[in-house]
Amino acid sequence: MDQFVILCFAMVNSIALLALISLGLAVIFGMMRVINFAHGEFIMLGGYATVIANHAGVNLWLSMLVVSPIVVGLIGAVVERLIIRRLYGHLVTTMLASWGLSLFLIGAVTAIFGNTTLGVSAPLGNIPIGAYSIGAYQLFLIAITALLVVCSLLALHWTKYGLIARAAMQNAEMAATLGVDCERVYATTFIIGAATSGLAGALLAPISGVLPHMGAAYVARAFVTVISGGGALITGFLSAATILGPVEALLSYFATPVVGQASLLLLAVIILRLFPTGVSSLWTGGR
């Protein structure tokens, strides 16, 4: 029974992890169709912002929940203004530009901090479950991921900005004729996506540590999750995470993490073969 509880926790934790690292990408790629290969580096910058702020004496919770999203959001604003704004509508160009940005950020962080792992201690301690124990901080991660997903759904469908953002992304010309400043909407959306990615990196820092190349461990899984989800922005990637996460967790537990991640990619290929527009096509009619 103890092992069963641990396995269930591992599956839920894997779902939450995929959702957490995918939320920022879902905003930038899912809404704006900007192929942001620097998504992993935004996560990495969030982790570094947390570690640096905490080592400078800032409370860990403030470092994670306030400092990191603000810092990465500001970096996202600069990136959007100088690079991405000129490339909307050009998928290949944005892909190459964001890939170059990714390499630049990795090189810059390596030059400043070195190629060593930094980190902060995970708070809250452990919770014993029979012969096993789970980290209370991981339960916090699951809870805050659920809160972020719910808030994103509410903001997207029940606020004025969410309506304007969806309209601008779906038909910019018509939205502009109605008085919507599409450039401002694009910039705000990109900044929100970057800040969300930074928050993900901040929340992961206590359990994974931070180093310049850490983004590579997340970017492929985030893209796989968002693409497998399909056109439904939040419910799509959340559904994909619910399918992919348990498979990765179980095979990682019974085999190795490498087998778990390989199974995630293989299952994503199968999903896209069965549902070319993603799993959300089951309730969106293929849109």
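Residues numbered from 1 in each chain as written. Predicted model: local features only at pLDDT ≥ 70, side-chain atom pairs only at ≥ 80, totals over all residues. Heavy atoms only, no water.

All right, on to the nonpolar core then. Met32, Leu203 and Leu244 are the most contacted members of the largest nonpolar core, which has 69 residues in total. It is helix H1 (residues 2-32) that contributes the most residues to this core, twelve residues altogether. Other than its neighbours up to four places away in sequence, Leu203 contacts Leu20, Met64, Leu65, Tyr137, Phe140, Leu141 and Ile144. Counting residues in each nonpolar core, the second largest holds six residues, with Ile6, Phe9, Ile129 and Ile134 among its members. (Core = buried A, V, L, I, M, F, W, Y, C linked by side-chain atoms within 4.5 Å. Buried < 20%, exposed > 50% of the residue type's maximum accessible area, 1.4 Å probe, protein only. Helix = DSSP H or I, 4+ residues; strand = E, 2+ residues; numbered from the N terminus. Contact = heavy atoms within 4.5 Å.)

Once that is clear, we can look at the pattern of salt bridges. For the coordinates displayed, the defined rule picks out three salt bridges. With a closest N to O distance of 3.1 Å, Arg221 and Glu248 form a salt bridge. Of this pair, Arg221 sits in helix H9 (residues 216-229) while Glu248 is found in helix H10 (residues 233-254), placing the two residues 27 residues apart along the sequence. The pair formed by Arg221 and Glu248 is uniform in burial state, with each residue classed as buried. Each of Glu80, Arg85 and Glu183 takes part in one network of salt bridges that share partners. (Salt bridge = Lys/Arg side-chain N within 4 Å of Asp/Glu carboxyl O.)

With that settled, consider the packing of aromatic side chains. With the rule as written, the count across this model stands at seven aromatic pairs. When the centroid spacing of 6.4 Å and the interplanar angle of 45° are considered together, the rings of Trp61 and Tyr137 count as tilted. Residue Trp61 is located in helix H3 (residues 60-82), and its partner Tyr137 is located in helix H5 (residues 136-158); the two are separated by 76 residues in the primary sequence. The interplanar angle of 80° and the centroid separation of 5.0 Å between the aromatic rings of Trp61 and Phe140 together place this pair among those described as edge-to-face. Of this pair, Trp61 sits in helix H3 while Phe140 sits in helix H5, and the two are 79 residues apart along the sequence. (Phe/Tyr/Trp six-rings, centres within 6.5 Å; stacked < 30°, edge-to-face > 60°.)

In this model, helix H2 (residues 39-55) (17 residues) spans 25 Å end to end at C-alpha, consistent with the 24 Å of a helix rising 1.5 Å per residue. Taken across its 17 residues, H2 has 14 buried, putting it largely inside the fold. Phi turns positive, to about 110°, at Gly57, one or two residues after H2. (Expected span 1.5 Å × (residues − 1).)

Along the chain, Glu80 falls in helix H3. Once residues within four sequence positions are removed from consideration, Glu80 is found in contact with Arg85, Tyr88, Tyr186, Ala187 and Phe190.

Our focus in this paragraph is H3. Since there are 3.6 residues in each turn of an α-helix, residues three or four apart along the chain are aligned in direction. Spanning 23 residues, H3 covers 32 Å between terminal C-alpha atoms, matching the ideal 33 Å at 1.5 Å per step. Along its length, H3 shows its largest kink, about 35°, at Val67, and proline Pro69 lies within four residues downstream of that point. For H3, the full list of buried residues reads Leu60, Ser63, Met64, Ser68, Pro69, Val72, Gly73, Gly76, Val79 and Glu80. Where H3 is buried, its residues touch H2, helix H4 (91-113), H5 and helix H8 (182-208). (Bend = angle between axes of the 7 residues up to and from the residue.)

Following the sequence through the fold, Ile43 ends up in helix H2. For the pair Ile43 and Gly198, spaced 155 residues apart in sequence, the C-alpha separation works out to 4.9 Å. Residues contacting Ile43, with those up to four places away along its chain left out, are Ile21, Ser197, Gly201, Met214 and Tyr218.

Within the secondary structure, Ser102 is located in helix H4. Apart from residues no more than four positions distant in its own chain, Ser102 is found in contact with Phe37, Ala38 and Glu41.

Here we take up the packing of helix H6 (residues 160-170) against H8. Here H6 crosses H8 at 110°, and the two axes come no closer than 10 Å. Taken together, the axis directions place H6 and H8 in an arrangement best described as roughly perpendicular. Residues Tyr161, Ile164, Ala165, Ala168 and Met169 of H6 pack against Cys182, Val185, Tyr186, Thr188, Thr189 and Ile192 of H8. For the contact of H6 with H8, the per-class residue count stands at nine nonpolar, two polar and no charged. (Axes fitted to C-alpha atoms, helices over the stretch in contact; angles between N-to-C directions. Parallel < 35°, antiparallel > 145°, perpendicular 65-115°, else oblique. Nonpolar A, V, L, I, M, F, W, Y, C, P; charged D, E, K, R; others polar.)

Here the focus is a nonpolar patch on the surface. Residues Phe37, Leu91, Val92, Leu96, Trp99 and Leu103 make up a contiguous nonpolar surface patch of about 590 Å² in total accessible area. With respect to the helices and strands, the residue Phe37 is situated in the loop between H1 and H2. Given a relative accessible area of 31%, Phe37 falls into the partly exposed group. (Patch = residues over 30% accessible without salt bridge, like charges linked within 9 Å, V, L, I, M, F, W, Y side chains within 5 Å. Areas by Shrake-Rupley, 256 points an atom, 1.4 Å probe, with all protein chains shown as cover.)

Everything listed is a geometric property; what it means functionally is a separate question.
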